[in-house]
Amino acid sequence: MAEPQNEFRRMNSDLSASGLSAEAQGGAVAIPLLAMEPSAAASAELRSMQDIVEACQEREGSQKLQVLLDSVSQDDRQYVFEKVAPFAAALMIHVFGNYVLQRVMHYGTPQQHDVLLQIIQNNLFELSQNTFGCRVVQKAFEVFSADAGVQITRRLQSRVQQLATDQHGNHVLQRSLEVVPQAAQLIVLELQNNLAGTSCQKYGCRVIQRLVAAAAADDRLIYDVVEELSFSLQKLVNDQFGNYVVQAIMRCGHERGLKPIYLLRGSYGILCRHKHASNVVETAYVSATPSLRAVLLQELLPHCVNLATDPFGNFVVQRIFEQSDRSQQQLMYAALSKEAAWLKTHMYGRSVVAVLQRYEKGEAPLPVRGSNASALPQSQYLPGPCLVPLTQPSSSGPGTVFPSASSHQPPLSPLTPVTPATPASVASEWSHNPNYGSFGDASVFQQLPPAVPQQQQQQQQHASRAPVLRHPAADVSDLCNDWATMIDDEPDEMSALYQGEAYGI
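These figures come from a predicted structure and were not determined experimentally.

This part takes up the overall build of the protein chain. The helix and strand inventory of the protein chain stands at 34 helices and 0 strands. With 505 residues in all, the protein chain has 55% of them scored as buried. A fraction of 78% describes how many contacts in the protein chain between residues 6 or more apart in sequence connect residues 24 or more apart. Carbon together with sulfur atoms contributes 51% to the accessible area of the protein chain, which is approximately 21,500 Å² in total.

Here it is as structure tokens:
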């Protein structure tokens, strides 16, 4: 096994060869865990260091200490801890010292963790909003006990709004939501009056996405989160950052995630033309149940030719073709193939024509390129060397949130058979549901921005080239009627969802 000193020299030479300054290298100062066996040579080298605290503040010294801590005994690590503990608060926000503190925390004993926990709690908000300190707080969530994680989260609760919109603090809240089961309820209680506003903020939208993923494990919590955000659904779907929160709800895997898909019915044709809302339409189609997907396709099918020539709508058309079954692709092909010659003359239509050509050859559609439907502004790598994937916790804290706003809502109930509903009756049934009020009415979306005037001009210029710019030839109408009959033959799931039974209302 390589000696720690040789390993350190190799890593140091690699960093020097990069030609970057210490500040530019940033996370490169963090040496990966080497998990070496205790070495007498490493122990002797560690004990021979003149000033460990000073070494922590130098790039080479920080790297050297990280390597040595991997290959020394617990007694030697206790020796380092005793040296750095009096200066821990300052080292936690130091560009190089924070990495040594993280390594000390990783190998620390419960007694050492208690000391560091007290230091972190005394300086929690300053650390959470610091470039390097936020990494130390995240490491604490990772290596400290579950009780310590709850204590930190409760201390953060009073500053949730400030941290959620902070460049560094948002990462601390995300790690808390991932590790601490009770964090979701505590954060929702603090943000209950400003969930929508936080969702429309650059960093806040990341916290809300993580919150939705964590709340999905608790029926009552996800119910209240979705209910609160539904009041601002029109604003969120068109917002630069809020649209990602709506997509996170649709993808959360809970039956509550289908509610925004229902509320947006009747406005998908307009939303497809919007830069941000078009991503929501794609996610809605991908996340919908097969029966609900059929209803969405019926709404979008009459607009598919015009959408194929839209800068944003063409991605929706391609996504629908990619995610549909064979019978649904046949409907799309029948509507689009008649205008293929004209679509080839349009810069956006050519991408749709390429999809049709693959269909004619019996080939599977290629993955949609150029769409932002799945490009969440969610940092997979938090500041520092640790990877934090988007995973949802296994459990969430019990309890009811928003008592004043949602206490009148009945509890969730399982699906129950009801009278079958046809697609034509869905809008009226949904809009007359007293639990949803005006949200079932598509009129709430009448104020959505219309198509860009330049797009309208382009469509008018090409109108003379297109023999038909609308869907319905006789054979396509027949296919739609046949397909509507197929939908009516699946009453169990469709009718239950349309009547609201899936949501316990």
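Another aspect to go through is the environment of Phe81. Position of Phe81 among the secondary structure elements: in helix α6 (residues 74-84). Linking Phe81 and Gln112, residues 31 residues apart in sequence, is a C-alpha distance of 7.8 Å. With near-sequence residues (within four places) excluded, Phe81 lies in contact with Val104, Gln112, Val115 and Leu116.

This brings us to the packing of aromatic side chains. A complete count under the given rule lists 2 aromatic pairs for this structure. With a centroid separation of 5.5 Å and an interplanar angle of 85°, the aromatic rings of Phe321 and Tyr359 are classed as edge-to-face. On the criterion of sequence distance, the pair formed by Phe321 in helix α26 (residues 313-323) and Tyr359 in helix α29 (residues 349-360) is long-range, its members being 38 residues apart. Overall, Phe321 belongs to the buried group, its relative accessible area being 2%. By relative accessible area, which is 13% here, Tyr359 ends up buried. When the centroid spacing of 5.0 Å and the interplanar angle of 35° are considered together, the rings of Tyr333 and Tyr359 count as tilted. Here Tyr333 is found in helix α27 (residues 326-337), whereas its partner Tyr359 is found in helix α29, with 26 residues between them in sequence.

Here the focus is the nonpolar core. Grouped together as the largest cluster of nonpolar side chains are 113 residues, with contacts concentrated most on Ile120 and Leu336. Element by element, the count of residues in this core is highest for helix α17 (residues 204-215), at 7 residues. Among all residues touching Leu336, those that are not within four sequence positions of it are Cys304, Val305, Ala308, Val317, Leu343, Val352 and Leu356.

When α6 is considered as a whole, its buried residues turn out to be Asp76, Arg77, Tyr79, Val80, Phe81 and Val84. Where α6 is buried, its residues touch α3 (40-47), α4 (52-56), α5 (59-70), α7 (88-91), α8 (97-106) and α9 (110-122).

Mapped onto the elements of the fold, Ser71 is located in the loop between α5 and α6. Residue classification places Ser71 among the buried residues on the basis of a relative accessible area of 0%. A distance of 3.4 Å separates a polar atom in the side chain of Ser71 from the backbone oxygen of Val67.

The share of residues in the protein chain with pLDDT of 70 or more is 66%, and the mean pLDDT across the chain is 74. When the criterion is pLDDT under 50, residues 371-455 qualifies, and its contacts beyond four places in sequence or with other chains add up to 195 contacts. Across residues 461-505 the pLDDT falls below 50, and counting only partners more than four positions away or on other chains, this stretch makes 103 contacts in the model.

Our focus in this paragraph is the packing of α3 against α6. As a packed pair, α3 and α6 sit with axes 11 Å apart at the nearest point and diverge in direction by 15°. Here α3 lies roughly parallel to α6, going by the angle between them. Note on packing geometry: the crossing formed by α3 with α6 is left-handed. Residues Ser43, Leu46 and Arg47 of α3 form the contact with α6, whose participating residues are Asp75, Asp76, Tyr79 and Val80.

In this structure the tally under the stated criterion is 12 salt bridges. Arg175 serves as the salt-bridge partner of Glu178, at 3.6 Å between the closest nitrogen and oxygen. Of this pair, Glu178 and Arg175 both sit in helix α14 (residues 169-179), 3 residues apart, roughly one helical turn. Of the two residues, Glu178 and Arg175, both sit in the buried class. Where Glu227 meets Arg256, a salt bridge forms, and the shortest distance between an N and an O atom there is 3.2 Å. Of this pair, Glu227 sits in helix α18 (residues 219-230) while Arg256 sits in the loop between α20 (242-250) and α21 (259-263), placing them 29 residues apart in sequence.

Now for the packing of helix α11 (residues 133-143) against α14. Orientation of α11 relative to α14, taken along the N-to-C sense of each, is 5°, at an axis distance of 9 Å. Here α11 is positioned roughly parallel relative to α14, judged by the angle of their axes. Residues Cys134, Val137, Gln138, Phe141 and Glu142 of α11 form the contact with α14, whose own contacting residues are His171, Val172, Arg175, Ser176 and Val179.

Our focus in this paragraph is a negative patch on the surface. On the surface, Asp51, Glu54, Glu58 and Glu60 cluster together into a patch of negative charge. With respect to the helices and strands, the residue Glu60 is situated in helix α5.

Once that is clear, we can look at α29. For α29, with 12 residues, the first-to-last C-alpha span of 17 Å sits near the 16 Å given by 1.5 Å per residue. Buried within α29 are the following residues: Gly349, Val352, Val353, Val355, Leu356 and Tyr359. All buried residues of α29 fall inside an arc of 155° around its axis, so they share one side. Those residues of α29 that are buried are in contact with α25 (304-308), α26, α27 and α28 (340-343). Positive phi shows up at Gly362, right after α29, with a value of about 80°.

Conventions and cut-offs
Residues numbered from 1 in each chain as written. Predicted model: local features only at pLDDT ≥ 70, side-chain atom pairs only at ≥ 80, totals over all residues. Heavy atoms only, no water. Helix = DSSP H or I, 4+ residues; strand = E, 2+ residues; numbered from the N terminus. Buried < 20%, exposed > 50% of the residue type's maximum accessible area, 1.4 Å probe, protein only. Contact = heavy atoms within 4.5 Å. Areas by Shrake-Rupley, 256 points an atom, 1.4 Å probe, with all protein chains shown as cover. Phe/Tyr/Trp six-rings, centres within 6.5 Å; stacked < 30°, edge-to-face > 60°. Core = buried A, V, L, I, M, F, W, Y, C linked by side-chain atoms within 4.5 Å. Polar contact = N/O pair within 3.5 Å; in protein donor to acceptor, adjacent residues only side chain to side chain. pLDDT = per-residue confidence, 0-100. Axes fitted to C-alpha atoms, helices over the stretch in contact; angles between N-to-C directions. Parallel < 35°, antiparallel > 145°, perpendicular 65-115°, else oblique. Left-handed = near helix turned anticlockwise from the far one by under 90°. Salt bridge = Lys/Arg side-chain N within 4 Å of Asp/Glu carboxyl O. Patch = residues over 30% accessible without salt bridge, like charges linked within 9 Å, V, L, I, M, F, W, Y side chains within 5 Å. Lys, Arg positive; Asp, Glu negative; His and termini not counted. Charge placed at Lys NZ, Arg CZ, Asp CG, Glu CD. Expected span 1.5 Å × (residues − 1). Arc of directions from axis to C-beta.

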